[in-house]
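Structural characterization, general
Residue-level listing of the chains:
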Amino acid sequence: MKRIGKILAAVLFAVLLLTGIKNEYARLLPASSYGMQAAIKKKSVDHLFMGSSMFRQGLSIDVLEEELQGSVYILSYNGNQPAFMAMELEYMLREGLKIGTLYVDLYPYTAAAAPWISDTKILLDTDLGFKLDAWELMSAYNDTKFLDFYEMFVTANNEQILTYPIHNHLVSSQFRNGGNILTPGGQTKEHLDSLGMLGGRDGLQDAQTEGYEKLLELAGEYGIRVCFLETPKYERMYRDEDYMELYEACRSKIRELLEKSGSASGKEADGEEGTDAENFSMILAEELAFDFGDPACFQDLIHLSTEGRICYTRLLCERLEELSTE
């Protein structure tokens with residue numbers, strides 16, 4: 001009986017040890033062409049685009065690298081939320097990454113969601129401290145259970161780690177500098193019109209608006225320019241009352257934070273004119289000459305096709321060029 005107890009204790013110790021090693025050191029595996037560790041490895045990025053699948057599907061790395069001066073990297077995770085984007089930015093800055101301009105994904109539904117990590121790739125890119133802080137945030141806003149903790153710290157990404165050479169090669173073949181190089185096609189109007197809407201939400205979450213604020217605080221501290229970007233959505237989304245209510249609330253909150261951060265930045269710069277517009281801005285899709293009703297530009301109601309991605313990114317770069325000369 002004692003022998004069985006010792007075996008069980010040894011197995012438990014081994015599991016705890018391996019779990020600790022995974023959560024602290026998996027980030028040291030060779031970086032692919034996607035995620036935070038690949039960005040950190042660059043040491044410096046002139047144009048860092050941070051967001052959700054809106055950026056992964058909505059930005060063309062080819063066009064960005066062609067049109068923008070300096071290095072470009074797209075950091076995107078499925079469902080990436082402002083609260084976690086702030087944590088990611090802080091983590092990368094602490095790891096020594098230097099950033100010229102940060103472009104932040106403005107997607108209302110992520111700002112209206114309770115904090116939760118839906119893309120476990122984030123866990124492969126970070127240390128144990130990041131994971132514990134993320135769990136604390138998730139627990140504060142959700143009814144978390146032991147199974148959630150077990151999945152996050154014990155089982156998440158085990159298959160990717162065990163098959164890492166193959167997994168890493170597969171991921172690297174699909175991305176370049178974080179940009180998606182796959183070429184998804186568009187849809188028909190009939191298909192897009194048949195899709196269900198995403199439904200309403202209970203307004204913006206405090207944790208997410210605090211995430212936006214933290215992003216701007218970090219940017220001010222490290223001298224990073226910030227631009228919030230809204231990628232195009234199919235025309236039905238802009239006619240949906242639930243979506244538009246969140247959209248208006250989100251951009252109103254961001255404008256409020258930009259004004260607040262811009263005023264603070266202006267004071268630090270001894271009142272130099274132009275500080276606000278130069279360091280903090282927001283570009284909405286509606287400001288660009290994009291055809292929101294062209295089904296060939298969309299995979300679904302919120303994600304762009306290859307054609308839409310290229311078109312939007314070219315229009316975005318033109319707008320960025322205009323802003324740089326104003």
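Everything numeric here is computed off the predicted structure, so don't read it as measured data. (Residues numbered from 1 in each chain as written. Predicted model: local features only at pLDDT ≥ 70, side-chain atom pairs only at ≥ 80, totals over all residues. Heavy atoms only, no water.)

What follows concerns the nonpolar core. Counting 92 residues, the largest nonpolar core has Phe49 and Phe228 as the members making the most contacts within it. Considering every element that reaches this core, the biggest residue donor is helix 5 (residues 82–94), with 9 residues. Each residue touching Phe228, except ones within four places of it in the same chain, is listed here: Val104, Leu106, Tyr212, Leu216, Ile254, Leu258, Ser281, Met282 and Ile283. (Core = buried A, V, L, I, M, F, W, Y, C linked by side-chain atoms within 4.5 Å. Buried < 20%, exposed > 50% of the residue type's maximum accessible area, 1.4 Å probe, protein only. Helix = DSSP H or I, 4+ residues; strand = E, 2+ residues; numbered from the N terminus. Contact = heavy atoms within 4.5 Å.)

Next up on the list: the sheet that holds strand 1 (residues 44–51). The strand order 2-1-3-6-7 describes an open sheet built from 5 strands, whose pairing is parallel. Each end of this open sheet is capped by a strand with a single partner; those strands are strand 2 (72–76) and strand 7 (280–283). The mean angle between the axes of side-by-side strands here comes to 20°, regardless of whether they run parallel or antiparallel. Of the strands in this sheet, strand 1, strand 2 and strand 3 (98–105) touch helix 5, which is tilted by about 160° from strand 1. Packing against the sheet, helix 13 (residues 206–222) makes contact with strand 1, strand 3, strand 6 (225–229) and strand 7, and its axis sits at approximately 150° to strand 6. (Pairing = 2+ DSSP bridges. Axes fitted to C-alpha atoms, helices over the stretch in contact; angles between N-to-C directions.)

A word on the pairing of strand 7. Residues Phe280 and Met282 of strand 7 are buried on one face, and the alternating residues Ser281 and Ile283, pointing to the opposite face, are buried as well. In this sheet, strand 7 lies alongside strand 6 in parallel orientation, the contact comprising 4 bridges. By the bridge assignment, Leu229 is partnered in strand 7 with Ile283.

Before going further, it helps to examine helix 5. Across its 13 residues, helix 5 extends 18 Å between first and last C-alpha, which sits within 8% of the 18 Å expected from 1.5 Å per residue. For helix 5, the buried fraction is high: 11 of the 13 residues fall into the buried class. Listed in full, the buried residues belonging to helix 5 are Pro82, Ala83, Phe84, Met85, Ala86, Met87, Glu88, Leu89, Tyr91, Met92 and Leu93. A positive phi of about 105° marks Gly96, the residue just after helix 5. (Expected span 1.5 Å × (residues − 1).)

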